[in-house]
Amino acid sequence: MTQGWKITVIVLAAAGILSTPLIWLLNSPGAGALAGASVQAAVGIAALVWALFQHPAPAAGPADRAIRTGRASRGGLTGIRRPGGRGRGSSTAIRTGDADGQGSVSGIDYSN
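Residues numbered from 1 in each chain as written. Predicted model: local features only at pLDDT ≥ 70, side-chain atom pairs only at ≥ 80, totals over all residues. Heavy atoms only, no water.

A.B. asks: So what's going on with helix H2 (residues 31–52)? Which residues, and what values?
C.D. replies: Working note: α-helix, 3.6 residues per turn, so residues spaced by three or four point in the same direction. Here H2 spans 32 Å end to end across 22 residues, near enough to the 32 Å set by a 1.5 Å rise per residue. Within H2, the full set of buried residues consists of Ala 37, Ala 41, Gly 44 and Ala 51. Projected down its long axis, H2 carries its buried residues within an arc of 100°, all on one side. Those residues of H2 that are exposed and angled more than 90 degrees off the buried face are Ala 31, Gly 32, Val 39 and Val 43. (Helix = DSSP H or I, 4+ residues; strand = E, 2+ residues; numbered from the N terminus. Expected span 1.5 Å × (residues − 1). Buried < 20%, exposed > 50% of the residue type's maximum accessible area, 1.4 Å probe, protein only. Arc of directions from axis to C-beta.)

This is the structure in C-alpha cells:
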C-alpha cells in the first residue's frame, strides 16, 4: 500500500469514527440509529487498524540482467557492477562468459 493510500484510508476511517456521534445528536435516535452508528463506528475502527498495520510498498528499482555475456580478461567485467551492493531492484546473471586474469569478474560484482 502506498503512503498516499494509507493516509487516505486513515483520514476516511477517522471521519467515519468521528461522525458517529452526529447521528446521536440529530433528532431522537431509535434502535435503527443505534445499529447504524454501531456499524459505522466498527467499520471505521476496523479500517483505521487495518491501515495502521499496512507496510509501505517497497520502491522498485531497475531490474538488471546480464545474459550470455562475453569473456572478461585482465581485470575486465562481463555482467553487472554494483559497487558496495548499492542500487535497488534485482540483478540476474545467466550464462555469463569466462573470467580470465586477476580482478576479472563474470556475473555480478558487489565489490568496492
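A.B. asks: Explain unusual backbone geometry residue by residue, including any values.
C.D. replies: Positive phi, close to 50°, is recorded for Arg 68, a residue that is not glycine. Turning to its location among the elements, Arg 68 is positioned in the loop between strand S1 (64–67) and strand S2 (72–73). Judged by its relative accessible area of 61%, Arg 68 is exposed.

A.B. asks: I'd like a rundown of the side chain of Ser 104, residues and numbers included.
C.D. replies: For Ser 104, the position within the fold is in the loop between strand S5 (99–100) and strand S6 (105–109). Residue classification places Ser 104 among the buried residues on the basis of a relative accessible area of 15%. At a separation of 2.7 Å, a polar atom in the side chain of Ser 104 contacts the main-chain carbonyl oxygen of Asp 100. With residues near it in sequence (within four places) discarded, Ser 104 still touches Ala 72, Ser 73, Arg 74, Gly 75, Gly 76 and Ala 99. (Polar contact = N/O pair within 3.5 Å; in protein donor to acceptor, adjacent residues only side chain to side chain. Contact = heavy atoms within 4.5 Å.)

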